[in-house]
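Per-entry structural report
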Amino acid sequence: MTRKIDIFDTTLRDGEQSPGASMNTEEKLVIAQELLRMHVDVIEAGFPISSPGDFRSVQEIGKLAGDDAVVVGLTRAVDKDIDRAAEALACAKRPRIHTGLGVSPQHMRDKLHLTEDQVIEGAIHCVTYAKRYVEDVEFYAEDAGRSDQGFLERVIQAAVDAGATVVNIPDTTGYQLPDDFGARIKGLADNVRGIENVTISVHTHNDLGMATALALAGVKSGARQIECTINGLGERAGNTALEEVVMALRMHGQELDGHTDVVTGELTRASHLVSRITGMQVQANKAIVGANAFAHSSGIHQDGVLKARDTYEIIDPADVGAAGSEIILSARSGHAALRHRLGELGYRFDDAEFDEVYDRFLEIADQKKEVYDEDLESMVQERQRDIEAIYTLNALQVSCGDPLVPTATATITDEEGDRHVVCATGAGPVDAAYKAIDQVVSVHGDLQEFAVKAVTRGIDAIGEVTVRVEAAGGRVYTGRGADNDIIVSSAKAYVNAINRMISTTRSKQQEA
């Protein structure tokens with residue numbers, strides 16, 4: 001029997017640090033529900049001291065998870081951080097505080113301004129302090145990939161002696177080669193006293209495109225926990241992709257002496273969900289969950305696959321949820337069919353809410369021959385954006401074409417319930433719509449990115465627009481909107497970005 005390898009998902013913390021991928025608490029809870037359905041072992045829910053939103057996310061996910069997963073709050077090696085994390089985790093049945101500090105020469109010299117002895121003292125203190133609140137304490141040695149091996153072993157020895165239950169060895173910059181990283185983990189396993197009673201965790205980044213290889217090298221050398229994210233989301237080039245390490249362990253469990261309990265049939269659904277919520281698109285040739293992961297265009301490949309699937313596919317698409325039976329939803333579908341399919345997707349509504357959702361479903365179904373899962377998820381998330389809105393786009397009418405001057409008339413409701421009807425012209429229909437919206441909203445930003453995609457296939461597909469708007473000070477906010485009319489989608493996305501900008505500003509003011 002192979003070793004159980006714990007899957008530590010940090011989509012909601014490190015994944016969210018990917019520029020433009022921020023999520024609110026409600027969106028994090030939807031993803032957390034999917035992580036629980038996948039049987040992920042550990043969920044890093046946020047960095048509680050960083051913002052009231054992160055504090056609430058850790059708090060709510062702690063309540064949601066119950067006994068099904070460990071819930072983690074990240075901290076620096078600072079007492080007030082640890083106090084705040086403990087407060088957020090108070091309701092969690094299986095809480096863990098994740099604390100630590102940098103151990104590489106670069107971090108100690110340039111960021112922390114600490115000596116080696118001071119770092120060791122800090123490691124002992126933060127673990128000991130966190131143990132006052134919880135039994136399960138994970139210590140991270142940030143930038144361990146560029147640290148001196150002998151010093152790294154001293155730091156980890158100090159953390160283990162202080163009572164750490166998990167020691168996290170991150171290659172924070174994705175610098176190492178897999179064999180070297182594996183040797184680093186083996187050195188810790190061989191030389192740190194008592195480490196056999198502690199879980200060694202690996203947290204690798206993809207700066208050189210080797211995050212998955214690094215993580216698996218760590219497992220082969222003794223690590224029993226992998227820290228990863230859905231779609232490899234994360235800082236810079238991203239983190240280890242959960243779907244990749246899970247399927248690698250499934251295919252090569254004997255060689256790596258490890259297995260996971262992750263429900264692999266949820267991997268594709270989880271990928272789509274995270275992509276849609278964050279607005280971060282998954283490249284078509286992404287391993288396991290990309291649109292082309294199981295596509296064959298070469299005639300030779302097609303012939304081979306038709307004769308025997310495993311001539312060119314090492315994974316059955318059904319094993320990762322990329323194929324299977326489904327209920328076909330159309331305008332003729334009733335309440336029961338829609339409620340059943342939404343339930344399978346993880347969405348629950350009381351009767352009054354469901355009636356509103358069903359009415360919107362019928363509007364979509366009247367415009368499409370078939371309503372797909374992606375349509376339903378887009379519909380529900382669009383509704384959530386409307387519920388939380390400070391400004392709501394009620395109607396948009398646009399006239400354009402040669403030789404007309406593009407003109408947009410928008411009806412917008414503010415948070416006081418006042419309706420504003422405004423009109424503007426622009427260089428094109430989207431520009432005119434945005435200029436009309438700017439006449440009503442209280443803050444403005446510069447459009448940095450505009451992306452359009454069809455949620456599903458076909459000429460009648462719902463169009464989903466993602467925009468990134470830069471506010472004064474340089475912070476970028478992501479907005480999303482979905483509608484059968486792409487100009488309406490564009491306007492909704494812009495209003496959503498403005499709403500996020502205002503909400504963040506208010507949270508900071510309240511914190512101050």
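Residues numbered from 1 in each chain as written. Predicted model: local features only at pLDDT ≥ 70, side-chain atom pairs only at ≥ 80, totals over all residues. Heavy atoms only, no water.

**Side note on the sheet that holds strand β2 (residues 6-9)**
- Pairing is parallel in the closed barrel, where eight strands are placed in the order β2-β3-β4-β5-β6-β7-β8-β9. Put simply, the sheet's adjacent strands are angled 25° from each other on average, direction ignored.
- Bridge count between strand β7 (residues 166-171) and strand β8 (residues 199-204): six bridges; the pairing is parallel. If you follow P170 over to β8, its bridge partner there is H203.
- Against the sheet, helix α6 (residues 149-162) touches β6 (137-142) and β7, its axis set at about 165° to β6. (Pairing = 2+ DSSP bridges. Helix = DSSP H or I, 4+ residues; strand = E, 2+ residues; numbered from the N terminus. Axes fitted to C-alpha atoms, helices over the stretch in contact; angles between N-to-C directions. Contact = heavy atoms within 4.5 Å.)

**Concerning the UniProt feature "domain: Pyruvate carboxyltransferase" (unreviewed entry) in the chain**
- Mapped onto the present numbering, the UniProt feature "domain: Pyruvate carboxyltransferase" (unreviewed entry) falls at residues 5-268.
- Counted over residues 5-268, helix gives 43% and strand 17%. Its end C-alpha atoms are 21 Å apart. (UniProt positions renumbered as here; feature names shortened; annotations may be inferred.)

**Thoughts on the packing of aromatic side chains**
- Inspection of the entire model under this criterion finds four aromatic pairs.
- With 6.1 Å between their ring centres and 70° between their planes, Y129 and Y133 make a pair best called edge-to-face.
- Judged by its relative accessible area of 39%, Y133 is partly exposed.
- Ring centres of Y358 and F361 lie 5.8 Å apart, and the angle between their planes is 35°; this geometry places the pair in the tilted category. (Phe/Tyr/Trp six-rings, centres within 6.5 Å; stacked < 30°, edge-to-face > 60°. Buried < 20%, exposed > 50% of the residue type's maximum accessible area, 1.4 Å probe, protein only.)

**Thoughts on a nonpolar patch on the surface**
- A contiguous nonpolar patch, built from L447, F450, V452 and I486 and spanning about 310 Å² of accessible area, is present on the exposed surface.
- No other element matches strand β14 (residues 446-454), which puts three residues into the nonpolar patch.
- Mapped onto the elements of the fold, L447 is located in strand β14.
- Here L447 falls in the partly exposed class, since its relative accessible area comes to 41%. (Patch = residues over 30% accessible without salt bridge, like charges linked within 9 Å, V, L, I, M, F, W, Y side chains within 5 Å. Areas by Shrake-Rupley, 256 points an atom, 1.4 Å probe, with all protein chains shown as cover. Salt bridge = Lys/Arg side-chain N within 4 Å of Asp/Glu carboxyl O.)

**Concerning the nonpolar core**
- With 105 residues, the main nonpolar core has F139, I156 and I226 as its most contacted residues.
- Among the elements that take part in this core, α6 stands out by supplying eight residues, more than any other.
- Counting 32 residues, the second-largest nonpolar core is a separate cluster that includes A432, Y434, A471 and M501. (Core = buried A, V, L, I, M, F, W, Y, C linked by side-chain atoms within 4.5 Å.)

**Digging into the domain arrangement of the chain**
- Splitting the chain by domain gives domain 1 (3-278), domain 2 (295-384) and domain 3 (392-511).
- Contact residues are listed per partner, giving ten residues for domain 2 and 13 residues for domain 3.
- Together, K368, Y372 and E382 form the three largest contributors to the area buried by domain 2 at its contact with domain 3, with a combined 45%.
- Taken together, the connections running from domain 2 to domain 3 amount to zero salt bridges. (Domains from an automatic or database assignment. Buried area = accessible area lost by both parts, 1.4 Å probe.)

**Considerations on the pattern of salt bridges**
- Counted by the stated rule, this structure contains 37 salt bridges.
- Where K4 meets D6, a salt bridge forms, and the shortest distance between an N and an O atom there is 3.4 Å.
- On the basis of relative accessible area, K4 is assigned to the partly exposed category, the value being 28%.
- Under the relative-accessibility criterion, D6 is labelled partly exposed at 22%.
- The shortest N-O distance in the salt bridge between R250 and D319 comes to 3.7 Å. Of this pair, R250 sits in helix α9 (residues 242-251) while D319 is found in the loop between α12 (299-307) and α13 (335-344), placing the two residues 69 residues apart along the sequence.
- Connected through shared salt-bridge partners, K4, D6, D41 and D261 make up one network.

**Some points on the sheet that holds strand β13 (residues 419-425)**
- The antiparallel open sheet is built from three strands, whose spatial order is β11-β12-β13. Of all strands in the sheet, those bounded by a partner on one side alone are β11 (392-399) and β13. Averaged over all neighbouring strand pairs, the angle between strand axes comes to 15°, with direction disregarded.
- Inspection of the sheet shows β11 paired to strand β12 (residues 407-413) by seven bridges, in the antiparallel sense.

**Remarks on unusual backbone geometry**
- For the peptide bond that leads from D402 to P403, omega is 15°, which places it in the cis range.
- With respect to the helices, strands and loops of the structure, P403 is situated in the loop between β11 and β12.
- Unlike most non-glycine residues, H113 shows phi in positive territory, near 55°.
- By the element assignment, H113 lies in the loop between α4 (105-112) and α5 (116-130).
- Residue classification places H113 among the exposed positions, given a relative accessible area of 60%.

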